[in-house]
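Next come the chains, spelled out residue by residue.
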Amino acid sequence: MKGPSAQAVRNYACHCLGLKSYLKHPGDGRPKPQIPARDLVWGLLISNILRVSSFHHLEWLVHSPARTGLGVGRPLGDDALAYFTERLDSEVTRVALAATLQQAKRNKAFENSSGIGLALDGTGAGRTYKPPCSLCHPVKDNKGEVHGSLHHFVMITVVGTGLTLPLDAEPYGPGDCEYSAGKRLLRRAVGHLGPQFADYLVADGEFATAPFLHEADQLGLPVVARLKDNLPELHRAVEARFANRPPDLVIEDGKDRVEIWDADDFDPWETLAWQTVRAFRYRQHKPNGEVFEADWLTNFPKRKLNTLGLYRIGKSRWEIENQGFNDGKNRYGMEHIRHHDPNSLLRNWWLILLALVIERLYRLRYLHRGQHGVRSAMELKSLLWINLSPVGRLDSS
C-alpha cells in the first residue's frame, strides 16, 4: 500500500533533492570503518525526522523489526554513532545543506514568494551538568554560583518564502561572542549559496553595527535589522520623527491592526558608510488590547521596496525563532545532547538542520502535489512510525 514512509523520504532525498552522493559519502573520518557511513548518516537523519532524540533510542530502533522500514542496512550501536559523529567532516554536511536549498530553488520551491530572505540570530541549547567541553558556557545564578553549562550558536535560515529552511549554524564558546560567530556564519553561508541566491538579510539589533552592515553590503545583501538602544542617536531621531505624527500606512494583519511609519532620510552614524538610513516602525494592536512596537533600519530604497514589503520582511525574522529554534529545540532534539563531545554536538546540530530541510520539503512540496492537502509535521511523523511496521503500510490517501 502507498503512503509516506522512511524509505520514501530517503528516495525523495536522493532523487529529488540531489542528496544521493552525500548519503553515500557524508565525510566519514573514521580510519577503519566497520559500519558503512551511509547506514550511520541515514540512521541519524531519519531518527531526527522521527523525533528520536537519543543514540540509545536509535540503537533500540535499528535492532528492532522496524530496521528494514527505516532504510538502515545493518544494526548499529550508540558507541558507533558517537565515534562516527566525532569524526564526521562538518564541511561536507554544510555544503550538502546549501546544495539542497539550491536544488529546492531550481525546483521552484520559492516561486510564489516576492523574495528569498536569510534570517540570522543566536540562541542557547543543550544544557548539561556534566564536566564542561570546550563549547560550554557556565550558567550562573545571582550569587555567581555555577549550575551546569549551556552551549550557544548562531543560525542562518531561509525565510519569507512560505518555507522556513535552516541553512547553517556556527557555535561560539567562552571568549567568543554571538556577533563574531554571526559574521563568520554569514560569510560562509553566502559563499556556499552563491551571491545571487538570496534577496535580503534580516537580523536582530546586535548585528546593527557598521562593520556588519558593510560586510553585508560587500556580499550584495540589503539588510533589515532591529533598531535598539545600541544606536542611541538614531533611535532618538526615529522616536522624535514618528512619535507625534500619524502612521504612513494602516493594515489588517489577520485579526491585528498594524500602524506603520516609514522614512528614508535619517543621517547615518559616524562609522556607517551609507548615504542615508531608512527607518520604519510598526505598532501592532492585538484584539485583547496588547500592543507591540518595534523599530527597524534598512538600506532598502523606497523605489525597490514599499512600506508593506518592508513590514513583511521585518516580521519574517520571527520565522527563525518559531520554525527554527522553537521547532528544533522542542520537537527535533536540538536541546538534547546525544554525546557530550564538541565535534559530535556540532555534527548532530547540522544533521538536525538537514533533517528539517528534508522533512519540510517532502511534506510541504512533495506530498502537497496536485489536490493533496498539507499535512502537519506531527501527522507525517505519525504516518512514518506506523509505516515502519513490517506487517504493512497505511494508505493515507
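Residues numbered from 1 in each chain as written. Predicted model: local features only at pLDDT ≥ 70, side-chain atom pairs only at ≥ 80, totals over all residues. Heavy atoms only, no water.

Chemist: Whenever I open this one, the overall build of the protein confuses me. Can you help?
Modeler: The secondary structure content of the protein amounts to 14 helices and 10 strands. Relative to the 2.2 N^0.38 estimate, which gives 21 Å for 397 residues, the radius of gyration of the protein is 23 Å and therefore close to what a compact globule would have. Taken over the C-alpha atoms alone, the protein extends approximately 70 × 55 × 40 Å along its principal axes. Counting across all 397 residues of the protein, residues that qualify as buried make up 55%. Sequence separation of 24 or more characterises 66% of the internal contacts of the protein that already satisfy a separation of 6 or more. Total accessible area computed for the protein in this model is approximately 17900 Å², and 48% of it derives from carbon and sulfur atoms. (Helix = DSSP H or I, 4+ residues; strand = E, 2+ residues; numbered from the N terminus. Rg over C-alpha atoms; globule rule 2.2 N^0.38 Å. Buried < 20%, exposed > 50% of the residue type's maximum accessible area, 1.4 Å probe, protein only. Contact = heavy atoms within 4.5 Å. Areas by Shrake-Rupley, 256 points an atom, 1.4 Å probe, with all protein chains shown as cover.)

Chemist: Is there a simple way to explain the pairing of strand E8 (residues 256-266) in this structure?
Modeler: Where a strand is regular, its side chains alternate between the two sheet faces. Burial runs high along E8: eight of the 11 residues are buried. The pairing of strand E7 (residues 249-253) with E8 spans five bridges and is antiparallel. In the sheet register, Val 250 faces E8, and the bridge partner there is Glu 259. Counting the residues that bridge the hairpin from E7 to E8 gives two residues, and of these Gly 254 lies at a positive phi of roughly 65°. Sheet topology places E8 next to strand E9 (residues 277-285); eight bridges connect them, and they run antiparallel. Bridging from a neighbouring strand, Phe 266 pairs with Val 277 of E9. (Pairing = 2+ DSSP bridges.)

Chemist: I tried to follow the side chain of Arg 317 on my own but got confused; where do I start?
Modeler: Among the structural elements, Arg 317 can be located in the loop between helix H11 (307-316) and helix H12 (318-330). Taking the relative accessible area as the measure of exposure, Arg 317 reaches 5% and is therefore buried. Engagement of the side chain of Arg 317 in a polar contact is seen with the side chain of Asp 121, the distance being 2.9 Å. Once residues within four sequence positions are removed from consideration, Arg 317 is found in contact with Asp 121, Val 202, Ala 203, Asp 204 and Trp 296. (Polar contact = N/O pair within 3.5 Å; in protein donor to acceptor, adjacent residues only side chain to side chain.)

Chemist: Is there a simple way to think about the environment of Arg 188 in this case?
Modeler: Looking at where Arg 188 falls in the secondary structure, it is placed in helix H8 (residues 178-193). Residues Arg 188 and Gln 102 lie 86 residues apart in sequence; the distance between their C-alpha atoms is 15 Å. Excluding anything up to four places from it in sequence, Arg 188 contacts Arg 94, Asp 168, Ala 169, Glu 170 and Trp 350.

Chemist: Got a minute to help me understand the pattern of salt bridges in this structure?
Modeler: Side chains that differ in sign of charge can pair as their charged atoms come close. Applying the stated rule across the entire model yields 24 salt bridges. Across the pair Arg 281 and Asp 295 runs a salt bridge, and its minimum N-O distance is 2.7 Å. With a gap of 14 residues between them, Arg 281 in strand E9 and Asp 295 in strand E10 (residues 291-298) connect regions that are remote in the sequence. The same class applies to Arg 281 and to Asp 295, which are both buried. The network of salt bridges with shared partners includes Glu 239, Arg 257, Glu 259, Arg 281, Arg 283, Glu 293 and Asp 295. (Salt bridge = Lys/Arg side-chain N within 4 Å of Asp/Glu carboxyl O.)

Chemist: What's the story with the packing of helix H3 (residues 37-49) against helix H13 (residues 342-366) in this structure? I'm lost.
Modeler: In a packed pair of helices, the relevant descriptors are the angle between the two axes and the axis-to-axis distance. With their axes 8 Å apart at the nearest point, H3 and H13 run at an angle of 65° to one another. Along this stretch, H3 crosses H13, giving a crossing that reads as right-handed. Residues Val 41, Leu 44, Leu 45, Asn 48 and Ile 49 of H3 form the contact with H13, whose participating residues are Asn 348, Leu 351, Ile 352, Leu 354, Ala 355, Ile 358 and Glu 359. Considered class by class, the residues forming the contact of H3 with H13 number nine nonpolar, two polar and one charged. (Axes fitted to C-alpha atoms, helices over the stretch in contact; angles between N-to-C directions. Left-handed = near helix turned anticlockwise from the far one by under 90°. Nonpolar A, V, L, I, M, F, W, Y, C, P; charged D, E, K, R; others polar.)

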